[in-house]
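Below, each chain spelled out in residue letters.
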Amino acid sequence: MTPSRHGKAAKVRGWRLRPNPLRRRSYLVEAWLLIAAWALAVVAAVGTGAWTALAVERHVDALRTERHPVSVVLVEDAVRTVGTSDGSDSYRATVRWTAADGTSRTGLAHVDSSSKAGSTTHVWLDARGRLVPTPPTAAQARLEGVVLAAWAAAGAGGTVLLIGRGVSARLERRRLEQWEAEWARVGPRWGHRTG
């Protein structure tokens with residue numbers, strides 16, 4: 001064994017036998033805590049995101065199964081209503097359709113702006129025969145699932161990291177309190193040696 005290798009091995013062995021007195025066990029605990037927090041944050045983010053995407057998919061599938069399109073006749077011309085949140089205009093009209101039991105029904109539905117009385121269009125009904133909004137398309141459902149899953153994943157992962165950071169800060173405060181207590185004990189003696 002060469003002297004340089006021997007010296008390096010001795011340093012490594014010496015470090016194991018005589019740990020640095022300034023290094024506290026809390027440093028090691030904090031390092032493992034942060035590694036665990038990051039790993040748990042990734043697992044929580046992926047799990048929550050996947051669960052949210054599946055929940056959105058199930059919800060949209062349920063909407064599609066309970067709603068069905070029906071051909072209706074407009075009783076009146078389309079009337080402009082208050083603008084929607086995205087700045088576009090919304091148009092409504094009274095429509096008439098024949099229910100499954102053969103009775104004639106009417107209701108207020110969203111229609112195109114150019115719709116005139118007597119024209120036909122399609123609306124969506126639920127299982128009870130009530131007018132309901134059009135269910136999202138596959139692309140809309142996918143986009144909604146991705147957006148909600150991303151927000152849920154970020155929230156879950158961020159929460160885990162914040163908790164980990166809070167515990168780390170608590171360890172740091174505890175370590176500083178220990179340093180203060182030890183300095184209060186050693187400080188007066190130290191001043192006599194140097195002064």
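Residues numbered from 1 in each chain as written. Predicted model: local features only at pLDDT ≥ 70, side-chain atom pairs only at ≥ 80, totals over all residues. Heavy atoms only, no water.

Things to note about the overall build of the protein chain
Summing up its helical and strand segments, the protein chain has 3 helices and 6 strands in all. A buried classification covers 24% of the 195 residues belonging to the protein chain. Contacts in the protein chain between residues at least 24 apart in sequence constitute 60% of all its contacts with a sequence separation of at least 6. Roughly 14400 Å² of accessible area belongs to the protein chain as shown, and the carbon and sulfur atoms make up 62% of that amount. (Helix = DSSP H or I, 4+ residues; strand = E, 2+ residues; numbered from the N terminus. Buried < 20%, exposed > 50% of the residue type's maximum accessible area, 1.4 Å probe, protein only. Contact = heavy atoms within 4.5 Å. Areas by Shrake-Rupley, 256 points an atom, 1.4 Å probe, with all protein chains shown as cover.)

Section: the pairing of strand E4 (residues 104-110)
As paired strands, strand E3 (residues 90-98) and E4 are joined by 7 bridges and run antiparallel to one another. Bridge pairing links arginine 92 to histidine 110 in E4. (Pairing = 2+ DSSP bridges.)

Concerning the side chain of arginine 67
Turning to its location among the elements, arginine 67 is positioned in the loop between helix H2 (25-66) and strand E1 (68-74). Although buried, arginine 67 forms no salt bridge, and the nearest oppositely charged side chain, glutamate 66, lies 4.3 Å from it. If near-sequence neighbours (up to four positions away) are discounted, arginine 67 is found in contact with Trp124, Leu125, Asp126, Val132, Pro133, Thr134 and Pro135. (Lys, Arg positive; Asp, Glu negative; His and termini not counted. Salt bridge = Lys/Arg side-chain N within 4 Å of Asp/Glu carboxyl O.)

Things to note about the nonpolar core
Membership of the largest hydrophobic core is limited to 11 residues, which are Val70, Val72, Leu74, Ala78, Ala93, Val95, Trp97, Ala109, Val111, Val123 and Leu125. Within the residue set of this core, elements represented by two or more residues are E1, E3 and strand E5 (120-125). If near-sequence neighbours (up to four positions away) are discounted, alanine 78 is found in contact with Tyr91, Arg92, Ala93, Val111, Asp112, Ser113 and Ser115. (Core = buried A, V, L, I, M, F, W, Y, C linked by side-chain atoms within 4.5 Å.)

Some points on H2
Along its 42 residues, H2 runs 60 Å from first to last C-alpha, staying within 8% of the 62 Å computed at 1.5 Å per residue. When H2 is considered as a whole, its buried residues turn out to be Ser26, Glu30, Ala37, Ala41, Ala44, Ala45, Gly49, Thr52, Val56, Val60 and Leu63. (Expected span 1.5 Å × (residues − 1).)

So, the pairing of E5
Here E1 pairs with E5 via 6 bridges, running antiparallel. Among the inter-strand pairings, valine 70 is bridged to a residue of E5, identified as valine 123. In this sheet, strand E6 (residues 131-132) lies alongside E5 in antiparallel orientation, the contact comprising 2 bridges. In the strand pairing of E6, leucine 125 is matched with leucine 131. Where E5 hands over to E6, the hairpin turn is made up of 5 residues, of which glycine 129 adopts a positive phi near 85 degrees.

Structural notes on a positive patch on the surface
Where like charges cluster on the molecular surface, the positive patch consists of Arg25, Arg170, Arg173 and Arg174. If you tally residues by element for the positive patch, the top one is helix H3 (residues 138-194), at 3 residues. Tracing the backbone shows arginine 174 in helix H3. (Patch = residues over 30% accessible without salt bridge, like charges linked within 9 Å, V, L, I, M, F, W, Y side chains within 5 Å. Charge placed at Lys NZ, Arg CZ, Asp CG, Glu CD.)

Re the pattern of salt bridges
Counted by the stated rule, this structure contains 5 salt bridges. Here glutamate 30 ties to arginine 175 by a salt bridge, and the two come within 2.7 Å at their closest N and O atoms. Here glutamate 30 is found in helix H2, whereas its partner arginine 175 is found in helix H3, with 145 residues between them in sequence. Of the two residues examined, glutamate 30 and arginine 175, each falls in the buried class. Of the charged contacts, one joins arginine 105 and aspartate 101 as a salt bridge, the two residues approaching to 3.9 Å between their closest N and O atoms. Given a relative accessible area of 29%, arginine 105 falls into the partly exposed group. Through salt bridges with shared partners, one network takes in Glu30, Glu172 and Arg175.

A word on the confidence of the model for the protein chain
Overall, the prediction assigns the protein chain a mean pLDDT of 81, with 82% of residues at 70 or greater. The least confident element of the protein chain, judged by mean pLDDT, is helix H1 (residues 3-17) at 48; the most confident is H2 at 89. (pLDDT = per-residue confidence, 0-100.)

Some details on the side chain of threonine 52
By the secondary structure assignment, threonine 52 is in helix H2. Reaching out from threonine 52, the side chain makes a polar contact with the backbone oxygen of threonine 48 at a distance of 2.8 Å. Apart from the residues lying within four places of it in its own chain, the contact partners of threonine 52 are Leu148, Ala149 and Ala152. (Polar contact = N/O pair within 3.5 Å; in protein donor to acceptor, adjacent residues only side chain to side chain.)

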